[in-house]
Amino acid sequence: KEFKTKEVRLLEVGSGPLSDLAWGVDQKLFKITAIDPLADLYEKIMKKNNYTYPIKPIKATGEDIDSLFKNETFHIIYSANSLDHTSLPQKVFLNMYKLLKKNGMIYISGFVKEGTYQRWKGLHKSDLFPSNGQLLFYNKNGSEINLTKDLGLKCIYEKKEGIKPADKFTI
């Protein structure tokens, strides 16, 4: 209702094999485009197991989405526990921002300082930490970058279970 359009467009960055947003698709709340770098693998596994799902991700990374879509394409951009898995979280967040329609919403959730908690192994390449309406990124060396600084975004919701690594957050 907030977007005053018949078709709300949503981009899910790092959907995994089974998006959390299938219910919204079933209820026709939005049209979703999901991306994940492992989309081809997920498709093979699903075919092999005769499994279908209402959301089929496109093979892409957050670092490349600015070349796949026009600026201001999506009303909502959603990323759950994936931004810390990217090689360049700052570039991914900036790309998400560019693809967001005016007055749109970016929803990010994950785990506080997951890189530290996982000892920087596997996909866990960075620490994310929401603080006072801003989303902060830390690399393995401890350098801090404010992902939301100077973008003109207004934080309408921020929640942390705590400040310890592996506590959940939503911003």
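Residues numbered from 1 in each chain as written. Predicted model: local features only at pLDDT ≥ 70, side-chain atom pairs only at ≥ 80, totals over all residues. Heavy atoms only, no water.

Chemist: For this particular structure, what's the right way to read the pattern of salt bridges?
Modeler: Side-chain pairs of opposite charge can arise whenever the charged atoms involved come near each other. All chains considered together, the criterion is met by six salt bridges. A salt bridge links Lys 91 to Asp 66, with the nearest nitrogen and oxygen atoms 4.0 Å apart. Of this pair, Lys 91 sits in helix H4 (residues 89–99) while Asp 66 sits in helix H3 (residues 65–68), and the two are 25 residues apart along the sequence. The residue Lys 164 makes a salt bridge to Asp 167 at a minimum N-O spacing of 3.7 Å. Classification of Lys 164 as exposed rests on a relative accessible area of 55%. A network of salt bridges, in which partner residues are shared, links Glu 43, Lys 47 and Lys 56. (Salt bridge = Lys/Arg side-chain N within 4 Å of Asp/Glu carboxyl O. Helix = DSSP H or I, 4+ residues; strand = E, 2+ residues; numbered from the N terminus. Buried < 20%, exposed > 50% of the residue type's maximum accessible area, 1.4 Å probe, protein only.)

Chemist: I'm lost on the side chain of Asp 84 in this one. Help?
Modeler: For Asp 84, the position within the fold is in the loop between strand E4 (74–80) and H4. We note that Asp 84 is buried and unpaired, the nearest opposite charge coming from Lys 125 at a distance of 9.9 Å. (Lys, Arg positive; Asp, Glu negative; His and termini not counted.)

Chemist: When you look at H4 in this model, what are you seeing that I'm missing?
Modeler: Since one α-helical turn is 3.6 residues long, residues separated by three or four positions face the same way. Among the residues of H4, those classed as buried are Pro 89, Val 92, Phe 93, Asn 95, Met 96 and Leu 99. Buried residues of H4, seen end-on, are gathered within an arc of 160° and therefore sit on one face of the element. For H4, the elements touching its buried residues are strand E1 (9–13), H3, E4, strand E5 (100–111) and strand E7 (134–138). (Arc of directions from axis to C-beta. Contact = heavy atoms within 4.5 Å.)

Chemist: I keep staring at the sheet that holds strand E6 (residues 127–131) and nothing clicks. Help me out?
Modeler: Sheets are built from strands paired through backbone hydrogen bonds, the pairs being either parallel or antiparallel. Here three strands make up an open sheet; going across it, the order is E6-E7-E8 and the pairing antiparallel. Only two strands of the sheet have a single neighbouring strand rather than two, namely E6 and strand E8 (144–146). The sheet shows a mean angle of 25° between the axes of neighbouring strands, taken without regard to direction. Taken together, the five bridges between E6 and E7 define a ladder with antiparallel strand orientation. Bridged to Asp 127 within E7 is Tyr 138. (Pairing = 2+ DSSP bridges. Axes fitted to C-alpha atoms, helices over the stretch in contact; angles between N-to-C directions.)

Chemist: Can you help me understand the side chain of Asp 167 in this one?
Modeler: When you line up the elements, Asp 167 lands in the loop between strand E9 (159–160) and strand E10 (168–170). Among the polar contacts made by the side chain of Asp 167, one reaches the main-chain amide nitrogen of Lys 164 at a distance of 3.0 Å. Setting aside anything within four residues of it in sequence, one finds Asp 167 in contact with Gly 110, Phe 111, Val 112, Glu 161 and Gly 162. (Polar contact = N/O pair within 3.5 Å; in protein donor to acceptor, adjacent residues only side chain to side chain.)

Chemist: Can you help me understand a nonpolar patch on the surface in this one?
Modeler: Taken together, the side chains of Leu 38, Leu 41 and Ile 45 present a nonpolar region at the surface, about 260 Å² in accessible area. Mapped onto the elements, Ile 45 comes out in helix H2 (residues 39–48). (Patch = residues over 30% accessible without salt bridge, like charges linked within 9 Å, V, L, I, M, F, W, Y side chains within 5 Å. Areas by Shrake-Rupley, 256 points an atom, 1.4 Å probe, with all protein chains shown as cover.)

Chemist: Sorry if this is basic, but what is going on with the nonpolar core here?
Modeler: The tendency in soluble globular proteins is for nonpolar side chains to be buried as a group. Of all hydrophobic cores here, the largest spans 27 residues; its most connected members are Leu 11, Ile 77, Ile 108 and Leu 135. At the level of secondary structure, the elements contributing two or more residues to this core comprise E1, E4, H4, E5, E6 and E7. Setting aside residues no more than four positions away along its own chain, Ile 77 makes contact with Leu 11, Val 13, Met 96, Leu 99, Leu 100, Met 105, Ile 106 and Tyr 107. Ranked by size, the runner-up nonpolar core spans eleven residues in total, among them Ala 22, Ile 76, Tyr 78 and Ala 80. (Core = buried A, V, L, I, M, F, W, Y, C linked by side-chain atoms within 4.5 Å.)

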